[in-house]
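# Residue-level structure breakdown
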Amino acid sequence: MIVTDDTQREALFAAGKRLRAVLDAVLARVAVGVLVKSLDALAHTLIIDGGDTPSFLGYQPLGMAKQYPATLCVSLNDAVVHGVPQEGVALQEGDVLSVDCGLVHKGVFVDAACTVIVGEGDDQARALLEANRKALRYALVFARAGATTGDIGNAVETVAQEYGFVAPPELGGHGVGNAQHEEPFLPNLGDPGGGETLQEGQVLAIEPIFFEGEDSQIVTADDGFTYRTMSGKRSSHFEHTVLVTEETPVLVTGPMWE
Ligand code: MG
Ligand code: MG
């Protein structure tokens, strides 16, 4: 989506605010013993009660055999993204939980994700999340007209290397606003100045994904949706929708994840 007028801009920011409220409510519910299905049900109720539409529910990406069956993606530990909330699965102490959600408000699609540790966790999990948050902050600096998709990818890659984590090359951010996924694809690695040039008014979902270890390969789980790390090591994921401007990028689903 390229925002060209105030009506679109207002709808975009209203959508972002609504999505953030849903995610904040879901994250506030996270605790040991909570069923992931109940998080999904909460997100669904909040979005519907707000008069909006969950954008993941029923979404069928190109090449997928079936529609996504939930409002949230709930990806635990070695699950990377697109984790389907399964019946009977409860959160456990130390789980690395990624929650991803999207909604449509007045025709505008927004998308955001956050990873948290259930309970105390361990130092390595905290380092993974800290690095991943830093990568998103750094990548967002390049959501400016005249910068490129390669600048964003390079920002993510640089932080991953600094901390000793890896980002899977197949997964990344995307344009958003008129649909769940639009051009351009935003790889989480790249060369400064490479790729496509960003334009003023462009709406992007920037989403660095980090793995522990050195293996960035992914595998698809039996449910046909969930991506897992091939190594079995843990993964994290932070995402914001952002509006590209000539000056400072504007977070649509802010504030920044803490
Ligand atoms: Mg997302
Ligand atoms: Mg996304």
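See the structure printed just above.
So, here's what we can say about the structure. The model shown is predicted, which means the values in this text are computed figures rather than measured ones. (Residues numbered from 1 in each chain as written. Chains lettered and ligands numbered in written order. Predicted model: local features only at pLDDT ≥ 70, side-chain atom pairs only at ≥ 80, totals over all residues. Heavy atoms only, no water.)

## Let's talk about the overall build of the chain
- Of regular secondary structure, the chain possesses four helices and 13 strands.
- Its C-alpha radius of gyration of 17 Å places the chain within 12% of the 18 Å reference for a compact globule of 258 residues.
- Along the first, second and third principal axes, the C-alpha atoms of the chain reach 45 × 45 × 35 Å.
- Counting only residues that meet the buried cut, the chain has 53% of its 258 residues in that class.
- On the chain, roughly 10800 Å² of surface is accessible, and the fraction owed to carbon and sulfur atoms is 50%.
- Across the chain, the mean location of the 16 positive side-chain charges is 6 Å away from that of the 36 negative side-chain charges. (Helix = DSSP H or I, 4+ residues; strand = E, 2+ residues; numbered from the N terminus. Rg over C-alpha atoms; globule rule 2.2 N^0.38 Å. Buried < 20%, exposed > 50% of the residue type's maximum accessible area, 1.4 Å probe, protein only. Areas by Shrake-Rupley, 256 points an atom, 1.4 Å probe, with all protein chains shown as cover. Lys, Arg positive; Asp, Glu negative; His and termini not counted. Charge placed at Lys NZ, Arg CZ, Asp CG, Glu CD.)

## Quick word on the coordination of the magnesium ion (ligand 1)
- Only D100 (OD), D100 (OD), D111 (OD) and E239 (OE) from the protein coordinate the magnesium ion (ligand 1), and they sit 2.0 to 2.5 Å from it.
- When the donor residues of the magnesium ion (ligand 1) are listed from N- to C-terminus, their spacing reads D-x10-D-x127-E.
- Judged by its relative accessible area of 2%, D111 is buried. (Donors = N, O, S within 2.8 Å, 3.2 Å for Na, K, Ca; no water.)

## Regarding the coordination of the magnesium ion (ligand 2)
- Those protein atoms acting as donors to the magnesium ion (ligand 2) are D111 (OD), H174 (NE2), E207 (OE) and E239 (OE), and they sit at 2.1 Å.
- Each donor residue of the magnesium ion (ligand 2) belongs to the same chain, with the gaps between them written as D-x62-H-x32-E-x31-E.
- Here the magnesium ion (ligand 2) and the magnesium ion (ligand 1) are spaced 3.2 Å apart, and both take D111 as a donor. Of this pair, H174 sits in strand β5 (residues 172–175) while E239 sits in the loop between β11 (235–237) and β12 (240–243); the two residues are 65 residues apart in sequence, bridging distant segments of the chain.

## Remarks on the pairing of β12
- Burial of the side chains of β12 extends over both faces: H240 and V242 are buried on one face and T241 and L243 on the other.
- Looking at chain direction, strand β7 (residues 203–206) and β12 are connected through four bridges and run antiparallel. Residue pairing in the sheet places L204 in a bridge with V242 of β12.
- Sheet topology note: the β12/strand β13 (residues 250–251) ladder contains two bridges and is antiparallel. The residue of β13 that forms the bridge with L243 is V250.
- Counted between consecutive antiparallel strands, the loop separating β12 from β13 contains six residues. (Pairing = 2+ DSSP bridges.)

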